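Summary of structural features
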Amino acid sequence: MNDNDLTIMTLREARQLEGRTNWEALQQQETAGIEPEKDPDEGEFDWSRAQVSMPRPKQPVSLRLDAES
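These remarks concern the structure in this document. Source: prediction; values computed, not measured. (Residues numbered from 1 in each chain as written. Predicted model: local features only at pLDDT ≥ 70, side-chain atom pairs only at ≥ 80, totals over all residues. Heavy atoms only, no water.)

1. Remarks on the overall build of the protein
Scanning the protein from N- to C-terminus turns up 2 helices and 0 strands. Considering the protein as a whole, with its 69 residues, one finds that 0% of them fall into the buried category. For the protein, the accessible surface area stands at approximately 8400 Å², while carbon and sulfur atoms represent 49% of it. Measuring between centres, the 8 positive side-chain charges of the protein sit 12 Å from its 15 negative side-chain charges. (Helix = DSSP H or I, 4+ residues; strand = E, 2+ residues; numbered from the N terminus. Buried < 20%, exposed > 50% of the residue type's maximum accessible area, 1.4 Å probe, protein only. Areas by Shrake-Rupley, 256 points an atom, 1.4 Å probe, with all protein chains shown as cover. Lys, Arg positive; Asp, Glu negative; His and termini not counted. Charge placed at Lys NZ, Arg CZ, Asp CG, Glu CD.)

2. Side note on the environment of alanine 67
Residue placement: alanine 67 occurs in the segment after helix 2 (23-31). On the accessibility criterion, alanine 67 (79% relative accessible area) is exposed. Considering only alpha carbons, one finds alanine 67 and arginine 49, 18 residues apart in sequence, at a separation of 52 Å.

3. Here's the deal with the environment of arginine 64
The topology assignment puts arginine 64 in the segment after helix 2. The exposed category is assigned to arginine 64, whose relative accessible area is 80%.

Spelled out as structure tokens, the structure:
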């Protein structure tokens, strides 16, 4: 990915994009067996080197605050 692939927009502009996906066209392509184009910058992931790690358990914390007047 390079800087030409990035688009900077405000939250308002991003919200206006919501709902613009043509799901029907995507469904037709999937039914026809058309695969999406691969991103040449994405590369392949080597799953043989993947490791599963469990997160540490959460530690309970108690906090008492004075009321502010």
